[in-house]
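# A look at the structure
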Amino acid sequence: MRGFRSDLVQLLKARFPVLYIESYEEQRVVAEVSAVARDASLLRTLRTVWTWSATEGLIQPDGTARRGTTEPEAALEAVLRTETPGVFIFKDLHAALSSGDRPANPVAIRRVRDVAAAFKSGQVPRVLVIVAPVLRIPVELEKDITIVDFPLPSEDEIRGLLDGMIANNGTGGRIRIGLTDVERERFAKAAAGLTLHEAENAFARAMVSDDVLDIHDLDVVHDEKRQAVRKSGVLEFVDGGVELADVGGLENLKRWLAKRDSSWLAAAALYGLPAPRGVLITGVPGCGKSLTAKAVSAAWGLPLLRLDVGRVFSGIVGSSEQNMRTAIRTAEATAPCVLWVDEIEKGFASSGGDSGTTPRVFGTFLTWMQEKTKAVFVIATANDIERLPAELLRKGRFDEIFFVDLPTRAERASIWRVHLARRLRHKAVAGELTLDDRSLRELCDFSAGYSGAEIEQAVIAGLFDAFSERRPLRQDDLIRATANMVPLSVTQAERVAAIRAWAETRAVAATAAEDWDLGALPPTGSATSTGGAG
């Protein structure tokens, strides 16, 4: 809170008459403002602290309520008549000043202007502090009010809260604590972006769920963040549900991601490492780009947020820029997290009839990616990379650009194993089907040129054939389903060739170099034959 206190001291010394603090944490705001107002080392003239709310009226420094001051106009009139140095904290005064569903109170607005004029010109240091959960300033007061940023709890404050709760609940033996010091750090970072009240609720819920607090309770903290994300209306909290092991192949990309796990923790700072910015994954459709985004959040133990660019551009005219800023603020409040932008080229493709809205929104997003300091790891996927502007692809926006080609033989074998193992869990369905080398070799031969999504659909189609006859799945069901499917590499051969040509010198192969030695479809350039990332 040093930054907030420093700003507040300067504003009080400079006699700014009306301050506006946007925060849901009234108690923290009152405590911080009161600490500054009563600190002789910060201010030459100490101020008494008054508070007001519509339910209690004007509460004087001695704790008593002044009668007849529950209405804002009466309370502001009483403040005007107070000739002693003071800080007057008004809670939720915004409801009287401006409202979207009912007219503002013109008398209250006039009183605030009177207060601003009197406090600015008076000899006694006084200031009106408005505390509200939303920012609503009517046009009449824009020149009289100064906005003061009040930060959410820092990681140190949340860590102190967690340590205090552990000390209070762990010593009595009621709650068993199974957290290492590093795991406590992960808990504190996971709760970053929550208010102290929300963080306390999340930690308490994690403790009472099974009377044990360990790293497996991290999901409880993520659930609390899910509420904040849902309220934003622009971002979507996605349940990953998959591990990196569920992604067949792409070993080069997976190694690169594995090396950056936990790089947002304090241990990485000892190496002088910044938090990774993100990756752009492009390539042939259906080859695991979106699945990788989901798997990363699960592997790193971070919440996965999906940016729906369509929601950004929905709503009334002029709201798109605000929606993007809301999405960015929400993502940063949820940090550390993974932000997934699927098919980014479709969301930010400019059209001539949007009055320049798309370039402005896209510019806001690009600037944030370049300047962001919060641990928000951006995973953007693109099928049509040529539609993306050059400024998105330059270094500094993404740490790396990976190209995902059609799976090689080794990758196809891995994909077949993943999907068959996932679906053949019941002996009655699996029957005598075995995934030995001979069977996999045959499946890989028949599926040359198929994407991972097409192999998955071949497994599903084979299972439907077996289900229709109420018998176990057989090898010939899979081969027949594969043979009856026309893959994307055939129906859109020209598009696949164009994607490969673009990536030849512009991207790093997601496939490991050693896997290409077994590939039935050899690469067509350095991008798919290089394994140097990571």
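Residues numbered from 1 in each chain as written. Predicted model: local features only at pLDDT ≥ 70, side-chain atom pairs only at ≥ 80, totals over all residues. Heavy atoms only, no water.

## Considering the pairing of strand β13 (residues 337-341)
For the record, the criterion: Relative accessibility thresholds used throughout: buried, under 20% of the residue-type maximum; exposed, over 50%; partly exposed, between the two (1.4 Å probe, protein chains only). Where helices and strands are cited, they refer to DSSP runs of H or I of at least four residues and of E of at least two residues respectively, numbered from the N terminus. Strands are treated as partners if at least two bridges between them are detected by DSSP.
Most of β13 is tucked away: five of the five residues are buried. Summarising the sheet, strand β12 (residues 304-307) and β13 pair through three bridges and their orientation is parallel. When the bridges of β13 are listed, Arg306 appears paired with Trp340. Bridge analysis of β13 against strand β14 (residues 376-382) gives five bridges, and the strand direction is parallel. Residue pairing across strands places Val338 opposite Phe377, the latter belonging to β14.

## Concerning the environment of Ile499
As a reminder, the rule being used: In what follows, residue pairs with any heavy atoms lying within 4.5 Å of each other are defined as contacts.
Of note, Ile499 is situated in helix α24 (residues 493-503). A residue is classified by how much of its surface remains accessible, and Ile499, at 7% relative accessible area, is buried. Spatially, the C-alpha atoms of Ile499 and Thr282 are 8.6 Å apart, while their sequence positions differ by 217 residues. Not counting residues up to four positions away in its chain, the partners in contact with Ile499 are Gly283, Val284, Pro285, Asn383 and Phe403.

## Quick look at the side chain of Ser53
We count it as follows: Any N or O atom pair separated by 3.5 Å or less is treated as a polar contact, with the protein-specific requirement of one donor-capable and one acceptor-capable atom, and with residues adjacent in sequence counted only for side-chain atom pairs.
Turning to its location among the elements, Ser53 is positioned in strand β2 (residues 48-53). Within polar-contact distance, the side chain of Ser53 engages the backbone nitrogen of Glu56 at 3.2 Å.

## Some remarks on the sheet that holds strand β5 (residues 86-91)
Keep this limit in mind: Fitting a line to C-alpha atoms yields each axis, with helices limited to the stretch in contact; the angle taken between N-to-C directions then spans 0 to 180 degrees.
On the basis of which strands lie adjacent, the open sheet formed by seven strands has the order β4-β3-β2-β5-β6-β1-β7 and mixed pairing. Strands with a single pairing partner mark the edges of an open sheet, and in this sheet they are β4 (65-66) and β7 (145-148). The sheet contact formed by β5 and strand β6 (residues 126-132) spans six bridges and is parallel. When the sheet's bridge partners are listed, Lys91 is paired in β6 with Val131. Taken strand by strand, helix α3 (residues 72-80) contacts β2, β3 (57-59), β4, β5 and β6, and its axis lies near 175 degrees from that of β5.

## Let's talk about the packing of helix α18 (residues 409-423) against helix α21 (residues 452-468)
What counts is decided by this rule: Any angle between 65 and 115 degrees counts as roughly perpendicular, while under 35 counts as roughly parallel, over 145 as roughly antiparallel, and the rest as oblique. With the far helix as reference, a near helix turned anticlockwise by less than a right angle produces a left-handed crossing, and one turned clockwise produces a right-handed crossing. Put simply, Ala, Val, Leu, Ile, Met, Phe, Trp, Tyr, Cys and Pro go in the nonpolar bin, Asp, Glu, Lys and Arg in the charged bin, and everything else, Gly too, in the polar bin.
The contact between α18 and α21 brings their axes to 10 Å, and the two run at 40 degrees. As far as their axial angle goes, α21 and α18 are oblique. When the axes of α18 and α21 are compared, the crossing they make is right-handed. Between α18 and α21, the residues in contact are Arg412, Ile415, Trp416, His419, Leu420, Arg422 and Arg423 and Gly452, Ile455, Glu456, Ala458, Val459, Ile460 and Leu463, respectively. The residue makeup of the contact of α18 with α21, split by class, is eight nonpolar, two polar and four charged.

## A few points about the pattern of salt bridges
Selection rule: Salt bridges are counted wherever a side-chain nitrogen of Lys or Arg sits within 4 Å of a carboxyl oxygen of Asp or Glu.
One pass over the full model with this rule turns up 24 salt bridges. Across the pair Arg471 and Asp477 runs a salt bridge whose closest N-O atoms are separated by 2.8 Å. The exposure class assigned to Asp477 is buried, which follows from its relative accessible area of 0%. Each of the salt bridges in this network shares a partner with another, and the network as a whole consists of Asp465, Glu469, Arg471, Arg474, Asp476, Asp477 and Arg480.

## Here's the deal with the nonpolar core
Test applied: Each nonpolar core is a collection of buried residues, namely Ala, Val, Leu, Ile, Met, Phe, Trp, Tyr and Cys, held together in the definition by side-chain atoms within 4.5 Å.
Judged by nonpolar contacts, the single largest core of 39 residues is most densely connected at Leu280, Leu307, Ile344 and Phe365. A per-element tally of this core places helix α16 (residues 357-371) first, with six residues. Ignoring sequence-local partners within four residues, the contact set of Leu307 consists of Val234, Leu235, Val312, Met324, Ala327, Leu339, Trp340, Val341 and Phe365. Membership of the second largest hydrophobic core comes to 31 residues, among which are Ala293, Val296, Leu304 and Trp340.

## Description of the sheet that holds strand β15 (residues 400-404)
With respect to topology, seven strands assemble into an open sheet ordered β10-β12-β13-β14-β11-β15-β16, the strand pairing being mixed. Of all strands in the sheet, those with a lone pairing partner are β10 (235-238) and β16 (508-509), marking the two edges.

## Describing a nonpolar patch on the surface
To keep it simple, the criterion reads: Like-charged residues are merged into a patch within 9 Å and nonpolar side chains (Val, Leu, Ile, Met, Phe, Trp, Tyr) within 5 Å, provided each residue has over 30% relative accessible area and no salt bridge. For accessible areas, the Shrake-Rupley method is used with a probe of radius 1.4 Å. Any residue's cover is judged against the shown protein chains and nothing else.
A surface patch of nonpolar side chains, about 440 Å² in accessible area, is lined by Leu270, Tyr271 and Leu273. Within the secondary structure, Tyr271 is located in the loop between α11 (266-269) and β11 (278-283). Tyr271 gets classed as exposed once you look at its relative accessible area, which sits at 70%.

## With respect to the packing of α3 against helix α5 (residues 106-121)
At a minimum axis distance of 9 Å, the contact between α3 and α5 shows a crossing angle of 15 degrees. It follows that α3 is roughly parallel to α5 by the angle criterion. Crossing angle aside, the handedness with which α3 passes α5 is left-handed. Touching Glu73, Leu76, Glu77, Val79 and Leu80 of α3 are Val107, Ala108, Arg111, Val112, Asp114, Val115, Ala118 and Phe119, all from α5. Class assignment for the residues of the contact of α3 with α5 results in nine nonpolar, no polar and four charged.

## Some thoughts on the confidence of the model for the chain
Test applied: Confidence of the predictor in every single residue is expressed as pLDDT, which spans 0 to 100.
Within the chain, residue pLDDT values average 84, and 92% of them lie at 70 or more. Counted against residues more than four places away or in other chains, residues 517-534, with its pLDDT under 50, gives 43 contacts.

## A few points about the packing of aromatic side chains
Rules: Under the pairing criterion, centres of Phe, Tyr and Trp rings, with the six-membered ring standing for Trp, must be within 6.5 Å; the plane angle then separates stacked pairs below 30 degrees from edge-to-face pairs above 60, leaving the rest tilted.
Within this structure, the stated rule accounts for nine aromatic pairs. With a centroid separation of 5.0 Å and 25 degrees between ring planes, the pair formed by Trp52 and Phe90 is classed as stacked. Taken as a pair, Trp52 in strand β2 and Phe90 in strand β5 lie far apart in primary sequence, 38 residues in all. Taken individually, Trp52 and Phe90 each receive the classification buried, so the pair is uniform in this respect. Between Phe187 and Phe203 the ring centres are 6.3 Å apart and the planes differ by 50 degrees, which places this aromatic pair in the tilted class.

## Quick word on unusual backbone geometry
For the peptide bond that leads from Ala335 to Pro336, omega is 0 degrees, which places it in the cis range. With phi around 60 degrees, Asp92 is a residue other than glycine that occupies positive phi space. Tracing the backbone shows Asp92 in the loop between β5 and α4 (94-97). Despite not being glycine, Glu343 shows a phi value in the positive range, around 50 degrees. Along the chain, Glu343 turns up in the loop between β13 and α15 (344-347). On the accessibility criterion, Glu343 (25% relative accessible area) is partly exposed.

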